[in-house]
Amino acid sequence: AYIGKASQLFEIHEHIGNKILVVDYDDLVTNKSIQLEEIYRFLNIEYQSSYGELIHSSSVDKSKKLTKNEVKMIDEICMPIYTKSMSYILSLTNN
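Read on for a plain summary of the structure. Quick caveat, the model's predicted, so the values are computed rather than measured. (Residues numbered from 1 in each chain as written. Predicted model: local features only at pLDDT ≥ 70, side-chain atom pairs only at ≥ 80, totals over all residues. Heavy atoms only, no water.)

1. Concerning a nonpolar patch on the surface
Point 1. The grouping of Y2, I3, M73, I77, M79 and Y82 at the surface amounts to a nonpolar patch, some 530 Å² of accessible area in total.
Point 2. Sort the elements by how many residues they give to the nonpolar patch and helix α4 (residues 68-93) lands first, with 4 residues.
Point 3. Among the structural elements, I3 can be located in helix α1 (residues 2-16). (Patch = residues over 30% accessible without salt bridge, like charges linked within 9 Å, V, L, I, M, F, W, Y side chains within 5 Å. Areas by Shrake-Rupley, 256 points an atom, 1.4 Å probe, with all protein chains shown as cover. Salt bridge = Lys/Arg side-chain N within 4 Å of Asp/Glu carboxyl O. Helix = DSSP H or I, 4+ residues; strand = E, 2+ residues; numbered from the N terminus.)

Written as structure tokens, this is what we have:
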């Protein structure tokens, strides 16, 4: 599912151009006030700091509960598309 969703980023951008804002989940939950403000600005909606109160970063550490084999398998399957997606996101922000 992750690879499919991440791959859709490229197809969506091809159709709608720069009318897309890509948000990295880890950034959202660890820097919620900064990320939420950016999201709301992108949507042209007023942002209030209280919106971030329901977002928690506890899920970011879930990977620490995985075995070494599980981490290796996830890295092998997901890292290529993650790296490509992050490079693509950086290229969008630099334009």
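That covers the picture; the talk isn't over yet.
2. What about helix α3 (residues 32-43)?
Point 1. Given a rise of 1.5 Å per residue, 12 residues ought to cover 16 Å, and the 16 Å separating the end C-alpha atoms of α3 matches this to within 8%.
Point 2. Along α3, the positions that sit buried rather than exposed are Q35, L36 and I39. Here the buried residues of α3 occupy an arc of 95° about the axis, which is enough to place them on one side. In α3, those exposed residues whose orientation departs by more than 90 degrees from the buried face are I34 and R41.
Point 3. Packing partners of the buried residues in α3 comprise α2 (25-30).
Point 4. Immediately downstream of α3, the backbone of N44 shows phi near 60°, a positive value. (Expected span 1.5 Å × (residues − 1). Buried < 20%, exposed > 50% of the residue type's maximum accessible area, 1.4 Å probe, protein only. Arc of directions from axis to C-beta. Contact = heavy atoms within 4.5 Å.)

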